[in-house]
Amino acid sequence: MTEILTPSELDRARVTGRVVGDILQSLKARCRVGTNLLDIDQWAREMIDAAGAASCYVDYAPSFGRGPFGHYICTAVNDAVLHGMPHDYRLADGDLLTLDLAVKKDGVAADAAISFIVGETRDPEDVAMIDATERALAAGIAAATPGARLGDVSHAIEQVLSGAGYLINTEFGGHGIGSTMHQDPHVSNKGRPGRGYRLRPGLLLALEPWVMADTDRLITDPDDGWTLRSATGCRTAHTEHTIAITDQGAEILTLPQP
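Predicted model, so just to flag it, every value in this text is computed and none were measured.

Draft legend 1. Local environment of the nonpolar core. One finds Val153, Leu199, Leu205, Leu207 and Ile243 to be the most contacted residues of the largest nonpolar core, which totals 28 residues. Secondary structure elements with two or more residues in this core: helix 3 (124-143), helix 4 (150-163), strand 8 (204-207) and strand 13 (241-246). It is helix 3 that provides the largest number of residues to this core, a total of 7 residues. Leu24, Met47, Ile73 and Phe116 belong to the second-largest nonpolar core, a separate cluster that totals 26 residues.

Draft legend 2. Fine view of the packing of aromatic side chains. A complete count under the given rule lists 6 aromatic pairs for this structure. Plain terms: the ring middles of phenylalanine 69 and tryptophan 226 are 5.1 Å apart, the flat faces sit at 85° to each other, and that makes the pair edge-to-face. One end of the pair, phenylalanine 69, is in the loop between strand 1 (54-55) and strand 2 (74-77); the other, tryptophan 226, is in the loop between strand 10 (218-220) and strand 11 (228-230), with 157 residues separating them in the sequence. For the pair formed by phenylalanine 69 and tryptophan 226, the shared burial category is buried. Aromatic rings pair up to connect Tyr57, Tyr60, Phe64, Phe69, Phe172 and Trp226 into one cluster. The aromatic ring of tryptophan 43 is capped on one face by arginine 30, whose charged end is 4.0 Å from the ring centroid.

Draft legend 3. Fine view of the UniProt feature "domain: Peptidase M24" (unreviewed entry) in the protein chain. Per the UniProt annotation, the sites labelled "domain: Peptidase M24" (unreviewed entry) are residues 14-247. The distance separating the terminal C-alpha atoms of residues 14-247 is 16 Å; by composition the span is 28% helix and 25% strand.

Draft legend 4. Here's a closer look at the UniProt feature "binding site: a divalent metal cation 1" (unreviewed entry) in the protein chain. Taken from the UniProt record, the annotation "binding site: a divalent metal cation 1" (unreviewed entry) applies to Asp100, Asp111 and Glu240. Spanning 141 residues, the named residues form one tight spatial group whose C-alpha atoms are at most 8.1 Å apart. Cross-referencing the annotated residues with the lining of the largest pocket gives Asp100, Asp111 and Glu240. Structurally, the position occupied by aspartate 111 is in strand 5 (residues 108-117). Structurally, the position occupied by glutamate 240 is in the loop between strand 12 (236-238) and strand 13. Exposure remark for glutamate 240: the relative accessible area of 1% places this residue in the buried category. If we ignore the near neighbours within four places in the chain, the residues touching glutamate 240 are Asp100, Asp111, Ala112, Ala113, Leu137, His175, Ala206, Leu207 and Glu208.

Draft legend 5. Molecular detail of the sheet that holds strand 14 (residues 249-252). Read from one edge to the other, the open sheet built from 5 strands follows the order 7-6-8-13-14, with strand pairing classed as antiparallel. In this open sheet, the two edge strands, each paired with only one partner strand, are strand 7 (183-187) and strand 14. For this sheet, the mean angle separating the axes of adjacent strands, direction not counted, is 30°. Sheet analysis places strand 13 next to strand 14, joined by 4 bridges and oriented antiparallel. The residue bridging isoleucine 245 from the neighbouring strand is alanine 250, located in strand 14. Those strands touched by helix 4 are strand 7 and strand 8, and its axis lies near 45° from that of strand 7.

Draft legend 6. Here's a closer look at the side chain of asparagine 189. Residue position: asparagine 189 is located in the loop between strand 7 and strand 8. By relative accessible area, asparagine 189 is classed as buried at 1%. At 3.2 Å, the side chain of asparagine 189 and the backbone oxygen of glutamate 208 are in polar contact. Residue contacts for asparagine 189: discarding those within four places in its chain leaves Ser154, Ile157, Glu158, Leu161, Ile168, Phe172, Gly173, Glu208, Pro209 and Trp210.

Draft legend 7. Region of the structure containing the layout of surface pockets. In this model, the largest pocket occupies a volume close to 340 Å³. Going through the elements one at a time, strand 6 (174-176) and strand 7 are the ones with two or more residues in the lining of the largest pocket. Sorting elements by how many residues they give to the lining of the largest pocket places strand 7 first, with 4 residues.

Draft legend 8. How the structure looks around the sheet that holds strand 11. Ordered by their spatial adjacency, 3 strands build an open sheet running 3-11-10, and the pairing between neighbours is antiparallel. The sheet is open, and its two edges are formed by strand 3 (80-82) and strand 10, each paired on a single side. With direction set aside, neighbouring strand axes in the sheet form an average angle of 45°. As paired elements, strand 10 and strand 11 share 3 bridges and run antiparallel to each other. Looking at strand 11, one finds that isoleucine 219 is bridged to arginine 229.

Thresholds applied
Residues numbered from 1 in each chain as written. Predicted model: local features only at pLDDT ≥ 70, side-chain atom pairs only at ≥ 80, totals over all residues. Heavy atoms only, no water. Core = buried A, V, L, I, M, F, W, Y, C linked by side-chain atoms within 4.5 Å. Buried < 20%, exposed > 50% of the residue type's maximum accessible area, 1.4 Å probe, protein only. Helix = DSSP H or I, 4+ residues; strand = E, 2+ residues; numbered from the N terminus. Phe/Tyr/Trp six-rings, centres within 6.5 Å; stacked < 30°, edge-to-face > 60°. Lys NZ or Arg CZ within 6 Å of the ring centre and 35° of its normal. UniProt positions renumbered as here; feature names shortened; annotations may be inferred. 1 Å grid on protein atoms, 1.4 Å probe; cavity = no way out; pocket = protein on both sides within 12 Å on 5 of 7 lines; lining within 4 Å. Contact = heavy atoms within 4.5 Å. Pairing = 2+ DSSP bridges. Axes fitted to C-alpha atoms, helices over the stretch in contact; angles between N-to-C directions. Polar contact = N/O pair within 3.5 Å; in protein donor to acceptor, adjacent residues only side chain to side chain. Points joined across faces, edges and corners; volume = space filled by probe spheres on them.

Here's what the structure looks like:
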């Protein structure tokens, strides 16, 4: 299913998007050496409730996960890159943490992710990897103009990630979003320009470039059945925004309030 939102629905999407952006920035500010991932999950729950929103994750049970996710946010550390299930782990200096959050409010969902380094230690390779995902996201957003093809967006993301030397996994990527979190079309992080779905005003897309330092192969954590990790144990990064296609171009909905 691919939804095209009405102007009133788009207004509600803007509100949901700000909720997601604000919560992610608030959580980032609270994450420090010694913070437990389960505390982050509890903080996310409290902030979602305070905003009058609902988690898209708690009851989420797709074919690739082991039962309902059961948590309010994805917390992926170091070699974990997607669907990181919160567990009893305290963040250490230099950990590379990704927070991925999706909520629904007033009938419309929004989804975003940020990667950052905890503490004072900054590995230059980690910094470069995070930067590459952020630049790739910006390139994808710039390509998401009305009338463009989905392949144009995917190709723009691919050019940045490949140009930075990363291999690209195409099993998971971005997606349409609207009244539900995951919708068509799938937005690969690799594509051919001029191909695919034509972008129309009112379409919402969650674009999410992600990479692993030295591989494109994933493994599923055998303990939780959800967390996707790099097959080699290398570090990872993931950045995401929900955007709306408008007559003027792409509008980022999941930016925090200034």
